[in-house]
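Architecture and fold: a report
One letter stands for each residue in the lines below.
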Amino acid sequence: MELVAVGSTDLDRATRGRLRALWDLAFDGRFGDDDESHAYGGVHVVAWSGPDLVAHASAVPRRIRFDRTWHGVGYVEAVATHPDHQGRGVGRATMQRLQVEIAEHWPVAMLSTGATTGFYERLGWERWRGTSYTRSPAGTVADGEHDGLMILRLDPALVPDLGVDVTCEDRPGDAW
Ligand SMILES: CC(C)(COP(=O)(O)OP(=O)(O)OC[C@H]1O[C@@H](n2cnc3c(N)ncnc32)[C@H](O)[C@@H]1OP(=O)(O)O)[C@@H](O)C(=O)NCCC(=O)NCCS
């Protein structure tokens with residue numbers, strides 16, 4: 001298996017099409033156009049097995065407020081392993097490579113997940129314990145996302161308390 005780190009601007013149309021096919025398959029039809037657009041604008045790690053694209057993970061820049069202070073973070077999106085290749089360490093290797101990229105760019109990373117917290121905990125991620133909010137032009141509202149929020153602290157001093165309020169800026173589709 002070969003892991004390739006590449007910026008969004010260097011991903012050609014054919015690879016983007018193959019990525020969408022991977023997401024549609026891995027997320028079983030629950031991956032929409034907004035999810036796809038959230039995956040772009042940063043750095044990707046793409047796993048290849050010969051000619052086959054078998055896994056992906058990306059991190060994009062976002063501003064997140066921890067308690068009262070906004071920070072630039074790497075936000076992880078569109079993590080997926082092709083169903084035929086799951087359970088063999090491909091997802092872990094892809095995330096480990098992405099986390100090298102993240103460490104070069106950001107002091108912390110975040111993501112939102114459902115049932116896969118265990119996968120990320122094995123990679124050093126921690127569950128968020130505070131309440132989550134979304135900020136939009138209409139105001140800042142509690143959004144109930146916090147059960148699925150996780151953080152990777154490359155610099156633990158930046159976010160010492162995982163129990164404070166955390167706020168993201170709204171965007172089309174899922175805010176977190
Ligand atoms: C989640 C996903 C990316 C994992 O990829 P994978 O290549 O099968 O994972 P790996 O084989 O590298 O597993 C690494 C470890 O995580 C564990 N793990 C894998 N999937 C897991 C899950 N859904 N929940 C908890 N732990 C999981 C594995 O058991 C393994 O543990 P080990 O180190 O004790 O052996 C893959 O199942 C997938 O594409 N799922 C559908 C899309 C999805 O849910 N993406 C994540 C959205 S946030």
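Residues numbered from 1 in each chain as written. Predicted model: local features only at pLDDT ≥ 70, side-chain atom pairs only at ≥ 80, totals over all residues. Heavy atoms only, no water.

As annotated in an unreviewed UniProt entry, the protein carries the name Aminoglycoside 2'-N-acetyltransferase I and comes from Nocardioides salarius.

Before going further, it helps to examine the packing of aromatic side chains. The final tally for this structure, using the stated rule, is seven aromatic pairs. Here the aromatic rings of Trp-23 and Phe-31 are separated by 4.9 Å at their centres, their planes lie at 25°, and the arrangement is stacked. By relative accessible area, which is 0% here, Trp-23 ends up buried. Overall, the relative accessible area of 7% leaves Phe-31 in the buried class. Between Tyr-120 and Trp-125, the ring centres sit 6.0 Å apart and the planes meet at 65°, which makes this aromatic pair edge-to-face. Residue class for Tyr-120 comes out buried when judged on its relative accessible area of 6%. These aromatic residues form a ring-pair network of at least three members: Trp-23, Phe-27, Phe-31 and Tyr-40. Its end group placed over the ring of Tyr-40, Arg-16 keeps NZ or CZ at 4.2 Å from the ring centre. In this arrangement the basic side chain of Arg-62 is found over the ring face of Tyr-75, its NZ or CZ atom lying 4.8 Å from the centre. (Phe/Tyr/Trp six-rings, centres within 6.5 Å; stacked < 30°, edge-to-face > 60°. Buried < 20%, exposed > 50% of the residue type's maximum accessible area, 1.4 Å probe, protein only. Lys NZ or Arg CZ within 6 Å of the ring centre and 35° of its normal.)

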